[in-house]
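The residues making up each chain are set out below.
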Amino acid sequence: MASTENPDPETGKSEPLPASTEPLPPAPSSASGFLDCRKIDIIIRVLLFSATLTALIVMVTSDQTEMTQLPGAPSPALVSAEFSDSPAFVYFVVALVVAGFYALISTLVSISLLLRPEFAAQFFIYISSFDMVVLGILASATGTAGGVAYIALKGNEETGWNKICNVYDKFCRYIATSLALSLFASLLLLVLSIRSLSKRTTT
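Residues numbered from 1 in each chain as written. Predicted model: local features only at pLDDT ≥ 70, side-chain atom pairs only at ≥ 80, totals over all residues. Heavy atoms only, no water.

- Looking at an unreviewed UniProt entry, one finds the protein named CASP-like protein and attributed to Brassica carinata.
- The record in UniProt for the protein states the following under Subcellular location (unreviewed entry): "Cell membrane".
- The UniProt entry for the protein carries the following text under Subunit (unreviewed entry): "Homodimer and heterodimers." (UniProt positions renumbered as here; feature names shortened; annotations may be inferred.)

As structure tokens, this is what we get:
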């Protein structure tokens, strides 16, 4: 085994070599990981706000008026199809308003916590709880509106409900687009809830 001592030519004694003075690499900071998580959280919430706002705009602008032959009427008449005609669609619009408003508020709170991380632990439990509550509201409203939209598309012969999408095609397209955006927003809320639960289990 090679010696780590250097012999002195004058005394003949060996002297130990000086220890390496190179600094050790710094340990990874947990603060950088926290900031990355908060940035991802903000991006998801911005997408959530955009999706709910777009779905709301599409839904409230879905009205369509067409000449339709009503049962018992002697001649066709102008009949409008509006989201307010169905309680399920009204509930869906209200849920989109609630989810969009919450997405805006939670985004602003997340940005504030990014600037003042010392308050993050105090608000974390409240935000994660509201994420799951809003997820339940939006998911239930999307499912309810989707059931009514399916009847509008296919009809129901047993109950005598006729399909209307063959007449009000624009109305049905807008409803379908709004439902798709709402489903996307529900998935974003699900991701936020899963991230919150994973943080709770690791702390």
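1. So, the overall build of the protein
Inference 1: Scanning the protein from N- to C-terminus turns up 4 helices and 4 strands.
Inference 2: Starting at the N terminus, the α and β elements of the protein follow one another as β-β-α-β-β-α-α-α.
Inference 3: Here the protein holds 203 residues, and the buried ones make up 31% of them.
Inference 4: Counting only carbon and sulfur atoms, one obtains 68% of the accessible surface of the protein, whose full area is about 13,000 Å². (Helix = DSSP H or I, 4+ residues; strand = E, 2+ residues; numbered from the N terminus. Buried < 20%, exposed > 50% of the residue type's maximum accessible area, 1.4 Å probe, protein only. Areas by Shrake-Rupley, 256 points an atom, 1.4 Å probe, with all protein chains shown as cover.)

2. What about the layout of surface pockets?
Inference 1: By volume, the largest pocket is sized at about 280 Å³.
Inference 2: Lining the largest pocket are 14 residues, with Asp-85, Ser-86, Val-148, Ala-152 and Ile-164 sitting closest to its centre.
Inference 3: At the level of elements, β4 (77-81) and α3 (120-154) are the ones that each hand at least two residues to the lining of the largest pocket. (1 Å grid on protein atoms, 1.4 Å probe; cavity = no way out; pocket = protein on both sides within 12 Å on 5 of 7 lines; lining within 4 Å. Points joined across faces, edges and corners; volume = space filled by probe spheres on them.)

3. A closer look at the state of the cysteines
Here a disulfide denotes one covalent bond, and it connects the sulfur atoms of two cysteines.
Inference 1: Summed over all chains, the structure comprises 1 disulfide.
Inference 2: Here Cys-165 pairs with Cys-172 through a disulfide, and the sulfurs are 2.0 Å apart. Looking along the S-S bond of the Cys-165-Cys-172 disulfide, the torsion reads about -90°, which is the left-handed sense.
Inference 3: Taking the relative accessible area as the measure of exposure, Cys-165 reaches 14% and is therefore buried. (Disulfide = S-S within 2.5 Å.)

4. Let's talk about a nonpolar patch on the surface
Inference 1: A cluster of nonpolar side chains, contributed by Val-90, Tyr-91, Val-94, Val-98, Tyr-126, Phe-130, Val-133 and Ile-137, occupies part of the molecular surface with about 690 Å² of accessible area.
Inference 2: Taken together, the elements giving at least two residues each to the nonpolar patch come down to α2 (87-115) and α3.
Inference 3: With respect to the helices, strands and loops of the structure, Val-133 is situated in helix α3. (Patch = residues over 30% accessible without salt bridge, like charges linked within 9 Å, V, L, I, M, F, W, Y side chains within 5 Å. Salt bridge = Lys/Arg side-chain N within 4 Å of Asp/Glu carboxyl O.)

5. Observations regarding the UniProt feature "transmembrane region" (unreviewed entry) in the protein
Inference 1: In this numbering, the UniProt entry assigns the feature "transmembrane region" (unreviewed entry) to residues 42-61, 88-111, 123-153 and 173-194.
Inference 2: End C-alpha atoms of residues 42-61 are separated by 29 Å, and the span's content is 95% helix alongside 0% strand.
Inference 3: What you have in residues 173-194 is 100% helix and 0% strand, and the ends, taken at the C-alpha atoms, are 32 Å apart.

6. Notes on the side chain of Asp-41
Inference 1: You can see Asp-41 is positioned in helix α1 (residues 30-60).
Inference 2: What makes Asp-41 buried here is its relative accessible area of 6%.
Inference 3: Looking at Asp-41, its side chain comes within polar contact range of the side chain of Ser-110, at 3.0 Å.
Inference 4: Apart from residues lying up to four places away in sequence, Asp-41 is in contact with Ser-110, Leu-192 and Arg-195. (Polar contact = N/O pair within 3.5 Å; in protein donor to acceptor, adjacent residues only side chain to side chain. Contact = heavy atoms within 4.5 Å.)

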